[in-house]
Amino acid sequence: MLDAVRHSARLIGIVRTLGRHDALFPLDSPFVPAWVARTARLIGGRPAHRGDARPGERLANALQTLGPSFIKLGQALSVRADIVGDAVAEDLGRLRDRLPPFDAAEARAAIATELGRPVEALFGQFEDRPVAAASIAQVHFATTLEGDPVAVKVLRPGIEAAFRRDLALFFWLAGLAERFAPALRRLRPVKVVETVAASVDLEMDLRLEAAAASELAENTAGIGGFRVPKVIWPLTGRRVLTLERVGGIAIDDREGLIAAGHDPKALAARVIRIFLGQALGHGFFHADMHHGNLFVEPDGTIAAVDFGIMGRIDRPTRLFLAEMLHAFLTGDWRRAAEVHFSAGYVPANQSVEAFAQACRSIGEPILGRPVSEISIARLLAQLFRITETFAMQTQPQLLLLQKTMVTVEGVARSLDPEINFWQAAEPVVSEWMRANMGPDARLGDLAADAGRVLRRLPALAETLERAAGVLADGTVRLDRESARLIAAEQARRRRPLLVAAGLFAALLILLLWRGV
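Everything numeric in this text was worked out from a predicted model, so none of it was measured.

(A) Focus on the sheet that holds strand S7 (residues 249–250). Across the sheet, which stays open at both edges, the four strands sit in the order S5-S10-S9-S7 with mixed pairing between neighbours. Looking at strand neighbours, the two that pair on one side only are strand S5 (226–227) and S7, the edges of this open sheet. Looking at chain direction, S7 and strand S9 (residues 294–296) are connected through two bridges and run antiparallel. Counted as the bridge partner of Ala 250 is Phe 295 from S9.

(B) Examining the pairing of strand S4 (residues 149–155) more closely. Here S4 lies mainly inside the structure; six of its seven residues are buried. When strand S3 (residues 137–144) meets S4, the two strands line up antiparallel, connected through seven bridges. Following the sheet pairing, Val 139 is matched in S4 by Lys 153. Between the end of S3 and the start of S4, which pair antiparallel, lie four residues, with Gly 147 showing a positive phi angle near 95 degrees. By the bridge criterion, five bridges tie S4 to strand S6 (residues 240–244) in an arrangement that is antiparallel. Each bridged residue has a counterpart across the sheet, and for Val 152 the counterpart in S6 is Thr 242.

(C) Structural view of the pattern of salt bridges. Going through the model one piece at a time under the given rule, you end up with 25 salt bridges. Measuring nitrogen to oxygen at the nearest pair gives 3.0 Å for the salt bridge that ties Asp 166 to Arg 10. You can see Asp 166 sitting in helix H9 (residues 159–180) and its partner Arg 10 sitting in helix H1 (residues 2–20), a full 156 residues away along the chain. Classification of Asp 166 by relative accessible area gives buried; the value is 4%. Glu 409 serves as the salt-bridge partner of Arg 413, at 3.7 Å between the closest nitrogen and oxygen. Remark: Glu 409 and Arg 413 occur in helix H18 (residues 396–415); sequence separation between them is four residues, near one turn of the helix. When salt bridges with common partners are traced through the structure, they connect Glu 323, Arg 334, Arg 335, Glu 338 and Glu 353 into a single cluster.

(D) Examining helix H11 (residues 206–219) more closely. Over its 14 residues, H11 runs 20 Å from end to end, which matches the ideal 20 Å to within 8%, given 1.5 Å per residue. Within H11 the residues assigned to the buried category are Leu 206, Glu 209, Ala 210, Ala 212, Ala 213, Leu 216 and Asn 219. Residues of H11 that are buried in the fold lie against S4, helix H10 (189–203), S6, helix H13 (264–281), strand S8 (284–286) and strand S11 (310–312).

(E) A look at the packing of H1 against helix H3 (residues 55–66). Between H1 and H3, the shortest axis-to-axis distance is 9 Å and the interhelical angle comes to 135 degrees. With respect to each other, H1 and H3 are oriented oblique. For the pair H1 and H3, the sense of crossing is right-handed. Only Leu 59, Ala 62, Thr 65 and Leu 66 of H3 make contact with H1, whose side of the interface consists of Arg 10, Ile 14, Thr 17 and Leu 18. Residues of the contact of H1 with H3, tallied by class, amount to five nonpolar, two polar and one charged.

(F) Main features of the packing of H9 against H10. Viewed as axis vectors pointing N to C, H9 and H10 meet at an angle of 165 degrees, and their least axial separation amounts to 8 Å. Overall, the two elements H9 and H10 adopt an arrangement that is roughly antiparallel. The two elements H9 and H10 cross, and the hand of that crossing is left-handed. Of H10, the residues touching H9 (which contributes Phe 163, Leu 167, Phe 170, Phe 171, Ala 174, Gly 175, Ala 177 and Glu 178) are Pro 189, Val 190, Val 193, Glu 194, Val 196, Ala 197 and Val 200. Residues belonging to the contact of H9 with H10 are distributed by class as follows: twelve nonpolar, one polar and two charged.

(G) Highlighting the environment of Glu 178. Along the chain, Glu 178 turns up in helix H9. In this structure Glu 178 comes out as partly exposed when scored by relative accessible area, which is 22%. Taking the C-alpha atoms as reference points, Glu 178 and Val 190, separated by twelve residues in sequence, lie 7.8 Å from one another. Those residues in contact with Glu 178 that lie beyond four places of it in its chain are Arg 185, Arg 188, Pro 189 and Val 190.

(H) Summary view of the pairing of S3. Counting buried positions along S3 yields six of eight residues, so the element is predominantly enclosed. Relative to S3, strand S1 (residues 123–126) runs antiparallel, the two sharing three bridges. Counted as the bridge partner of Phe 123 is Thr 144 from S3. Bridge count for strand S2 (residues 132–133) against S3 is two bridges, and the pairing is antiparallel. Bridge pairing links Ala 133 to Gln 138 in S3. Following S2, the chain reverses through three residues before pairing antiparallel with S3.

Rules used throughout
Residues numbered from 1 in each chain as written. Predicted model: local features only at pLDDT ≥ 70, side-chain atom pairs only at ≥ 80, totals over all residues. Heavy atoms only, no water. Pairing = 2+ DSSP bridges. Helix = DSSP H or I, 4+ residues; strand = E, 2+ residues; numbered from the N terminus. Buried < 20%, exposed > 50% of the residue type's maximum accessible area, 1.4 Å probe, protein only. Salt bridge = Lys/Arg side-chain N within 4 Å of Asp/Glu carboxyl O. Expected span 1.5 Å × (residues − 1). Contact = heavy atoms within 4.5 Å. Axes fitted to C-alpha atoms, helices over the stretch in contact; angles between N-to-C directions. Parallel < 35°, antiparallel > 145°, perpendicular 65-115°, else oblique. Left-handed = near helix turned anticlockwise from the far one by under 90°. Nonpolar A, V, L, I, M, F, W, Y, C, P; charged D, E, K, R; others polar.

Structure representation (structure tokens):
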């Protein structure tokens, strides 16, 4: 009860802020009861000013005013065109968590507390003026005692408590939405908040960000023209992260890149391939690849910074993505539908043919347009829009990937307005499919599956032995028909295990025959 009162009071303040920015339009949704919308507008009052800003811009401005947690929520909603609509999602996608910096004395105190020594004993030089200030942390340039240039990231004071308070409110509201608006359950609002919470949990411990940077550097060592700065571990802790400083030209400075002799078209294609190489190659990708986090070094290498938001997708999801992208690349609409059904994303009671028709309705108009109008962002937005027709649930593991694909495409188009995402992606997707979906890869997957089944056999045998013992000692008596049905069921369950064991044996024979 006390939580409800506290959340309600906080909600009134939020509604008033949204009202001042003329950003209460989401309440016009048919999912929101009319009395709720009327009450909110009474509380919100008149907008402070009426301009010609788009609704998405007004909402983004309101979220920016409300602070860090709401900025993160807006960024999460920027990938949910199925909730807020395409135009608003696009405007929220431009929401950047730039906030006023906190005092340098607080940053120095946080570093000293975290690392156990004063700043002067840790760094040769430390610049008090931050070079970047975001919702969770800010960054200062410094040099190590050896004179190497570094970037030092420091968490904002009190940021953990602020996020805990706001996330509790978000979960409360999402729970109410799912409880009282059944039509919203398919959109899984609680999952949206869980995505925000998981991202924030990782960002609140800068040691985890350091580990993410190190893992990404290891995974992408073989990707030419891409670099992740080195982590300076002795100068890193939970609230402080020190990385090798990245130089070069910001990737949004197209004129500067041309003046320095770089080819924007080549850079645009490389940005797309770098992202797909991360996502498909290892299932671990930089999920915040906007203009402010990418720099081009003198030799043309693209260097990334800010590893607080990272994405992971497992191998089955990567197989689905590769096949889905390849199907759209080749115009194989039936296959595009089949992979959605195979992955379990579309309920089995739906029609494959109808879903293939829907895929064609999305893909053909896009692929038939001029190169400058072919957009992966548009395709993904339309694909998500048909989810309601086919009773598809939102797949949380794909939301961050979708957001990053749209962001990456935006970066690429700023470098080369004529970039064709499909043509840039095709070499990476095709190569990955050859390596991971060819005969040898299929044999490897079969061996792994059969191995997992075989590892279960001893436990199954032990369970059956215990059950037989219970029956033998007379503590459980079954009539003849029950015993027959149980025996038949056990035989049915053992059959796949025996088949898998046979397949595994055949696979071993095949591998030995091939001399592997």
